[in-house]
Amino acid sequence: MRNMLAVAVLSSFLTFGSVGAFQSARSIAKIQHQEWIGRVYSLPDDDGAPSDYDADDLSMGKHVEVDENESDSIIRDELKRELILLASTTNRGQCATLEEQNLVIDLVTQLEALNPTADPALNSQGDWELCYSSTQSFRSSPFFLAIRAFLGDDNKEVAENAFSIHDMATTASRVGKVRQIIDPYNTELISEYDLSVGVAPGLPVRVKGCVVTSADLSVSAPETWEMKVRGTRVKSSNVPFIDEWLDDSQVEVPVGRVYEAINGGDVPAAILKTYYVDEGMRISRDADENFFVFTRA
């Protein structure tokens, strides 16, 4: 019954899904990355830059690395440049090939090992825009993170199936900007997901809007946020009259209260861990180690 209720909650709020592809320049990005890897790994040992990038050494280990070597900023900049290039040529990862996915995993792992910021969860305030996701981009929203937390590890397959159904059911939609906004006091996270979906096949009419989900935020470890979803609403719709009503009234579906009603008064706490953050980029992981790369908006 618990699983069925969770899937029902998901089905009630199905929005729109993944997007088409940007295929141009992908081979260039791959070649440039391979050439850059050769340059980095051939750096002399006495230049102060790390040279022992073994796969075992770069494994996450589930704790925050803090790199205080100022000379490593050059390497970080190169890694970020390659990551952003691959993100832009694979439509935020949604049309990445297996080889491109592996390249991004390599880049992300190296950046996490070279994280320059202590206590990333306390130092990620501001507006962030998603540039790459290793899974469906909608799963960066507290709404879907809450579903995964509600079902738990014992029912992970149920959650994955529900997310896949949502993804397939909304394939024709287009995703615009995907943003996260963290308030200055680390107490609230706002997710904004711009969407556009066709009214009917063959008609040149699309309904647009931004799905906004709010969540209470708390820092439980140097890298860890715990989020409890509050509500979801739509703003900036292009439907006449409806748009003004939605924006003026700010009608919100009280998702948190729904969970309280079906979960014994508790809102599931979703986990998001940030292992890399600097002035322009943030890399966060969910409970299943899917990662989301954000750039400063």
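Look up: the structure comes first, before these words.
Everything in this summary refers to the structure shown in the same document. (Residues numbered from 1 in each chain as written. Predicted model: local features only at pLDDT ≥ 70, side-chain atom pairs only at ≥ 80, totals over all residues. Heavy atoms only, no water.)

Details of the overall build of the protein
- Along its length, the protein carries 8 helices and 8 strands.
- Once local pairs closer than 6 in sequence are excluded, the contacts in the protein between residues at least 24 apart make up 69%.
- Accessible surface computed for the protein: about 14200 Å², of which carbon and sulfur atoms make up 54%. (Helix = DSSP H or I, 4+ residues; strand = E, 2+ residues; numbered from the N terminus. Contact = heavy atoms within 4.5 Å. Areas by Shrake-Rupley, 256 points an atom, 1.4 Å probe, with all protein chains shown as cover.)

Section: helix α8 (residues 255-262)
- Inspection of α8 places Val255, Gly256 and Tyr259 among the buried residues, and these make up the whole buried set. Along α8, the residues classed as buried sweep out an arc of 105° about the axis, all on the same side. With respect to the buried face of α8, the exposed residues turned more than 90 degrees away are Arg257 and Ala261. (Buried < 20%, exposed > 50% of the residue type's maximum accessible area, 1.4 Å probe, protein only. Arc of directions from axis to C-beta.)

Re unusual backbone geometry
- Phi angles above zero are rare outside glycine, and asparagine 91 is one such case at about 55°.
- Mapped onto the secondary structure, asparagine 91 falls in the loop between α3 (73-89) and α4 (98-113).
- Asparagine 91 sits in the buried class, given a relative accessible area of 8%.
- With phi around 70°, glutamate 289 is a residue other than glycine that occupies positive phi space.
- Mapped onto the secondary structure, glutamate 289 falls in the loop between β7 (281-285) and β8 (291-296).

Here's the deal with helix α6 (residues 156-169)
- Helix length check: α6 (14 residues) gives 20 Å between terminal C-alpha atoms against 20 Å at 1.5 Å per residue, within 8%.
- Among all positions in α6, only Ala159, Ala162, Phe163, His166 and Asp167 are buried. Projected down its long axis, α6 carries its buried residues within an arc of 135°, all on one side. Seen from the buried face of α6, the exposed residues on the opposite side, beyond 90 degrees, are Glu157, Ile165, Met168 and Ala169. (Expected span 1.5 Å × (residues − 1).)

Points about the pattern of salt bridges
- Under the counting rule described, the total for this entry stands at 17 salt bridges.
- Close ionic contact of glutamate 112 with arginine 285 constitutes a salt bridge, the shortest N to O distance being 2.9 Å. Taken together, the positions of glutamate 112 in helix α4 and arginine 285 in strand β7 put the pair 173 residues apart, joining distant regions of the chain.
- In this structure, the salt-bridge partner of arginine 148 is aspartate 288, at a minimum N-O distance of 2.7 Å. Here the residue arginine 148 occupies a position in helix α5 (residues 142-151), and aspartate 288 occupies one in the loop between β7 and β8, the gap between them amounting to 140 residues. Each member of the pair arginine 148 and aspartate 288 is classed as buried.
- In the salt-bridge network here, residues are joined through shared partners; they are Arg139, Arg148, Asp153, Lys156, Glu160 and Asp288. (Salt bridge = Lys/Arg side-chain N within 4 Å of Asp/Glu carboxyl O.)

Notes on the layout of surface pockets
- Approximately 190 Å³ is the volume found for the second largest pocket.
- Secondary structure elements with two or more residues in the lining of the second largest pocket: α4 and β1 (126-133).
- At 4 residues, α4 tops the list of elements feeding residues into the lining of the second largest pocket.
- In terms of residue class, the lining of the second largest pocket is built from 4 nonpolar, 8 polar and no charged. (1 Å grid on protein atoms, 1.4 Å probe; cavity = no way out; pocket = protein on both sides within 12 Å on 5 of 7 lines; lining within 4 Å. Points joined across faces, edges and corners; volume = space filled by probe spheres on them. Nonpolar A, V, L, I, M, F, W, Y, C, P; charged D, E, K, R; others polar.)

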